[in-house]
Amino acid sequence: MRTQHILITGGSGLLALNWACAVRQQCRVTLGLNRHDVKLAGVDTLRMRLDDPHEFSRQLRELAPDVVVHAAGLTQVDQCEQDPVSARFANAEIAKTVAQSVDAMGIRLLHISTDHLFSGLESMYGESAKPQPLNEYARSKLLAEQWVTQASPKALILRTNFFGWGFWGRQSFSDWVIYGLREGRALSMFKDVYFTPILADALAHTALKLAATGASGVFNLVGSERISKYEFGLRLASAFGLPQQLVLPSHVALANLKAPRPPDMSLDNRRLLNQLGEPLGSLDGWFEDLRKQELQGRREELLKAVEEASAR
Ligand SMILES: NC(=O)c1ccc[n+]([C@@H]2O[C@H](COP(=O)([O-])OP(=O)(O)OC[C@H]3O[C@@H](n4cnc5c(N)ncnc54)[C@H](OP(=O)(O)O)[C@@H]3O)[C@@H](O)[C@H]2O)c1
């Protein structure tokens, strides 16, 4: 029997789709949609007005979920740099509206934040490290954390960086590597950018376990392994039996990116592990899970799940 009802905003996004697939057999899932329609077996969808507090509260009352995962936002770093007003609106103002409505109804909020908040001159940042955002995306996500904390003090704020299967309009980093290597393309990957990635499914399961402990506040919900983007590419290629010689070392300074980015986004997950009292999976285990997901049809299912944007 499916007991818990989870509403996930940003329902056509990479995280929401994988989260829904990960838990749809145990939980009732509703994906809150914006512009894109989604069709996913065993999952409900609803177009929602996150920018309208009254309408969102009305929809929330009708749905009465047990948990809201707020995953909507403007996630393309260079787009946020070009349009800081939209970044602030989509990442911070909407997060505040969601947090206020969710808190007023006594619902548990899991707010999805990022590993992008720091200067990146150090590594393995803890939850109490001082943020020093370098770009508009990071500034808007930091503001969201502050507003969500004020509006819903019991919320969980999950700083993360994940990978998983995407779809036509939204490729993940792992998609980019796998599709590129399958097409025989040489891929330049940064040897000097570090992160602590987690598989989206592991993020979903771990977040729900963490919520069940009654924890609140900021948690780094990331993998335990600090790795460069280049090493990630090499290890993923090996796990998928793809040519590692096509993974070429590169440096971020050569990439001419519009927005400055932190060279080290790695986060320390010890607070999470202490709270859970059990270990997380490993990166190699998650690569194996990603491979199994493809064999079981996840990649194909998600490619077909999201429909082109339709006018609102
Ligand atoms: N991807 C990563 O590795 C990563 C790393 C760290 C943190 N995060 C965080 O994780 C969360 C999910 O990321 P993701 O990669 O899954 O995102 P994504 O694939 O870019 O999807 C974003 C979702 O937000 C919706 N959205 C955008 N603007 C909206 C608005 N104004 N009102 C309502 N909905 C809106 C989009 O719907 P439409 O397209 O239909 O408008 C889409 O469903 C975000 O909070 C992101 O900051 C992601």
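Residues numbered from 1 in each chain as written. Predicted model: local features only at pLDDT ≥ 70, side-chain atom pairs only at ≥ 80, totals over all residues. Heavy atoms only, no water.

**Considering the packing of helix H2 (residues 53–63) against helix H4 (residues 84–104)**
The axes of two packed helices give the description: the angle between them and the distance between them.
Argument step 1. Running from amino to carboxyl end, H2 crosses H4 at an angle of 45 degrees, the nearest separation of the two axes being 10 Å. Overall, the two elements H2 and H4 adopt an arrangement that is oblique. The two elements H2 and H4 cross, and the hand of that crossing is right-handed. Seen from H2, the contacting residues are Pro 53, Phe 56, Ser 57 and Leu 60; seen from H4, they are Thr 97, Val 98, Ser 101 and Val 102.
Argument step 2. Broken down by class, the residue content of the contact of H2 with H4 amounts to five nonpolar, three polar and no charged. (Axes fitted to C-alpha atoms, helices over the stretch in contact; angles between N-to-C directions. Helix = DSSP H or I, 4+ residues; strand = E, 2+ residues; numbered from the N terminus. Parallel < 35°, antiparallel > 145°, perpendicular 65-115°, else oblique. Left-handed = near helix turned anticlockwise from the far one by under 90°. Contact = heavy atoms within 4.5 Å. Nonpolar A, V, L, I, M, F, W, Y, C, P; charged D, E, K, R; others polar.)

**Notes on the state of the cysteines**
Argument step 1. Summed over all chains, the structure comprises zero disulfides.
Argument step 2. You can see Cys 21 has no disulfide; the closest cysteine sulfur is in Cys 27, sitting 13 Å from it.
Argument step 3. Its relative accessible area of 10% is what places Cys 21 among the buried residues. (Disulfide = S-S within 2.5 Å. Buried < 20%, exposed > 50% of the residue type's maximum accessible area, 1.4 Å probe, protein only.)

**Description of the sheet that holds strand S2 (residues 28–33)**
Argument step 1. Read from one edge to the other, the open sheet built from seven strands follows the order S3-S2-S1-S4-S5-S6-S11, with strand pairing classed as parallel. Strands at the two margins of the open sheet, each flanked by one partner only, are strand S3 (44–47) and strand S11 (217–220). Ignoring strand direction, the axes of neighbouring strands in this sheet form an average angle of 20 degrees.
Argument step 2. Both strand S6 (residues 156–160) and S11 contribute to a ladder of four bridges, which runs parallel. Bridging across to S11, Leu 156 finds its partner in Gly 217.
Argument step 3. Across the face of the sheet, helix H1 (residues 14–23) comes into contact with strand S1 (5–9), S2, strand S4 (67–70) and strand S5 (108–114) while running at roughly 165 degrees to S1. (Pairing = 2+ DSSP bridges.)

**Examining the site of the ligand**
Argument step 1. Residues in close proximity to the ligand total 24 residues, the closest being Ser 12, Thr 75, Tyr 137, Lys 141 and Arg 170.
Argument step 2. Between the ligand and the protein, one listed contact pairs an oxygen atom with a side-chain N or O atom of Arg 35 at 2.8 Å.
Argument step 3. Thr 75 places a side-chain nitrogen or oxygen 2.6 Å from an oxygen atom of the ligand.
Argument step 4. Counting only elements with at least two residues in the shell around the ligand, the list comes to H1, S5 and helix H5 (136–151).
Argument step 5. Counted by class, the shell around the ligand contains nine nonpolar, twelve polar and three charged residues. (Near = heavy atom within 4 Å. Polar contact = N/O pair within 3.5 Å; in protein donor to acceptor, adjacent residues only side chain to side chain.)

**Concerning the packing of helix H6 (residues 173–182) against helix H8 (residues 229–239)**
Argument step 1. Where H6 meets H8, the axes come as close as 10 Å, and the angle between the chain directions of the two elements is 55 degrees. Between H6 and H8, the crossing angle belongs to the class labelled oblique. Once H6 is placed against H8, the crossing between them reads as right-handed. Contact with H6, carried on its side by Phe 173, Ser 174, Val 177, Ile 178 and Leu 181, involves Lys 229, Phe 232, Gly 233, Leu 236 and Ala 237 of H8 and no other residues of that element.
Argument step 2. A breakdown of the residues in the contact of H6 with H8 according to their chemical character gives seven nonpolar, two polar and one charged.

**As for the nonpolar core**
Argument step 1. Formed by 68 residues in total, the largest nonpolar core has its most connected members in Ile 6, Trp 19, Leu 31, Leu 40, Leu 110 and Leu 158.
Argument step 2. Among all residues touching Trp 19, those that are not within four sequence positions of it are Ile 6, Ile 8, Val 69, Leu 110, Ile 112, Ala 204, Ala 207 and Leu 208. (Core = buried A, V, L, I, M, F, W, Y, C linked by side-chain atoms within 4.5 Å.)

**A short note on the environment of Phe 167**
Argument step 1. Tracing the backbone shows Phe 167 in the loop between strand S7 (162–163) and H6.
Argument step 2. For Phe 167, a relative accessible area of 6% puts it in the buried group.
Argument step 3. Ignoring anything within four residues of it in the chain, the contact list for Phe 167 reads Ser 12, Leu 17, Leu 302, Leu 303 and Val 306.

**With respect to the pairing of S4**
Argument step 1. Going residue by residue along S4, you find Val 67 and Val 69 tucked away on one face and Val 68 and His 70 tucked away on the opposite face as well.
Argument step 2. One ladder, built from four bridges, connects S1 with S4; its direction is parallel. Bridge pairing links Ile 6 to Val 67 in S4.

Remember, this is a structural readout, not a statement about activity or role.
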